[in-house]
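Structural overview
For reference, the chains in residue letters:
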Amino acid sequence: MRTVALFGNPLRRTHSAVMHNAAFAAFGIDARYELREVRASDLAEQVRQARDEHWLGFQITAPHKQVIMPLLDEIEPDALRIGAVNSVEARADGRLVGFNTDVSGFMTALREHVGTDLRGAEVVVAGSGGVGHAVSYGLAKDGAGLTVLDLDAADARRLAARFGDLAAIEPMAFADPRVRDRLAGADLFVNATSVGMLTPGPVVDVGLLSPRAAVFDVVYLPRLTELVRRASARGMRAAGGAGMLVAQAAAAFSRWTGAGDATAVMRAAVEPLLRRDDLAP
């Protein structure tokens with residue numbers, strides 16, 4: 001049996017394992033996805049094990065998405081630009097190749113659930129952390145103009161400098177009085193923070209957005225965040241992060257196995273888990 005594992009610390013959710021193991025079973029692949037809490041000091045040994053035992057690959061979550069990079073043989077261009085790897089393919093020749101599925105997962109889910117034409121669109125992104133980098137990179141590559149918000153404008157400025165060759169990116173602090181105008185003129189608003197999951201939401205006042213704007217929230221627990229609920233109540237196109245969760249997993253599965261699209265299988269497998277989380281106190 002071949003192995004795939006998720007390295008992180010701590011690991012509180014089983015969604016990835018549920019989705020991938022269902023897909024392995026559905027496609028008749030003799031493999032198993034495991035969750036491994038790994039300290040930074042043990043990460044190199046886990047990578048060596050994956051190489052020596054000829055795993056299909058592995059995934060990485062906080063706090064190892066940057067630390068993993070020097071331990072790999074190759075990092076694909078998108079992951080290099082974002083500055084983070086969340087998935088690794090173990091190739092037949094033994095090389096470990098790092099890539100990032102957050103970008104493709106976000107863009108796939110955005111097109112499927114919101115459908116906004118991004119060429120020339122004005123987009124406001126809340127958050128300039130790891131997910132904010134992936135979201136902003138995907139949007140910039142597709143031709144959107146961006147305003148990136150963060151509590152500290154310096155964090156948003158660093159993101160703008162990283163991707164400034166791809167698109168016009170205006171960094172701002174949430175408290176900047178110009179934010180109100182940027183929200184009013186946005187074609188799309190994206191929450192790339194944990195607000196709505198770890199803290200009460202929404203991250204901005206939905207009433208400041210145009211009713212014609214679309215809203216995407218990367219948070220998937222709960223599925224119906226306060227941001228999505230309020231946007232939907234105004235008749236706006238709005239989607240939470242469950243679609244992104246499934247899309248990024250399906251992209252990694254395809255890379256590791258060469259099998260077909262596992263999206264439907266993964267979505268069906270994770271649905272009871274998401275429903276249970278929705279009902280949790």
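Residues numbered from 1 in each chain as written. Predicted model: local features only at pLDDT ≥ 70, side-chain atom pairs only at ≥ 80, totals over all residues. Heavy atoms only, no water.

1. With respect to the packing of helix 5 (residues 130-141) against helix 6 (residues 153-163)
For the pair helix 5 and helix 6, interaxial distance at closest approach is 11 Å and the crossing angle is 40°. Judged by the inter-axis angle, helix 5 sits oblique to helix 6. The element helix 5 and its partner helix 6 pack so that their crossing is right-handed. Side by side, helix 5 and helix 6 meet where G132, H133, S136 and Y137 of the first sit next to L159, R162 and F163 of the second. Its residues placed into classes, the contact of helix 5 with helix 6 shows three nonpolar, three polar and one charged. (Axes fitted to C-alpha atoms, helices over the stretch in contact; angles between N-to-C directions. Helix = DSSP H or I, 4+ residues; strand = E, 2+ residues; numbered from the N terminus. Parallel < 35°, antiparallel > 145°, perpendicular 65-115°, else oblique. Left-handed = near helix turned anticlockwise from the far one by under 90°. Contact = heavy atoms within 4.5 Å. Nonpolar A, V, L, I, M, F, W, Y, C, P; charged D, E, K, R; others polar.)

2. Topic: the pairing of strand 7 (residues 122-126)
Regular strands have side chains that alternate between both faces of the sheet. Among the five residues that make up strand 7, four are buried, leaving the element largely enclosed by the rest of the structure. In this structure, strand 7 lies alongside strand 8 (residues 145-150), joined through five bridges in parallel fashion. Looking at the pairing, A126 lines up with L149 of strand 8. Handedness of the β-α-β unit built from strand 7, helix 5 and strand 8 comes out right-handed. (Buried < 20%, exposed > 50% of the residue type's maximum accessible area, 1.4 Å probe, protein only. Pairing = 2+ DSSP bridges. Right-handed = clockwise from strand over helix to strand, strands pointing away.)

3. A word on the environment of V206
With respect to the helices and strands, V206 occurs in the loop between strand 10 (188-191) and strand 11 (214-217). Sequence spacing of V206 and R229 is 23 residues, and the spatial spacing of their C-alpha atoms is 9.9 Å. Ignoring anything within four residues of it in the chain, the contact list for V206 reads L227, R230, A231, R234 and M236.

4. Remarks on the environment of L11
Inspection of the secondary structure puts L11 in the loop between strand 1 (2-8) and helix 1 (15-26). The exposure class of L11 is buried, given its relative accessible area of 17%. On a C-alpha basis, the gap between L11 and A249 in space is 16 Å, while along the polypeptide they are 238 residues apart. Leave out the neighbours within four places in its chain, and L11 touches L6, L35, R36, E37 and T61.

5. Let's talk about the sheet that holds strand 6 (residues 96-99)
A sheet is described by the order of its strands in space; here six strands give the open sequence 2-1-3-5-6-4, paired in mixed fashion. Each edge of the open sheet carries a strand with a single partner, namely strand 2 (31-37) and strand 4 (74-75). The pairing of strand 5 (residues 87-90) with strand 6 spans four bridges and is classified as antiparallel. Looking at strand 6, one finds that S87 is bridged to F99.

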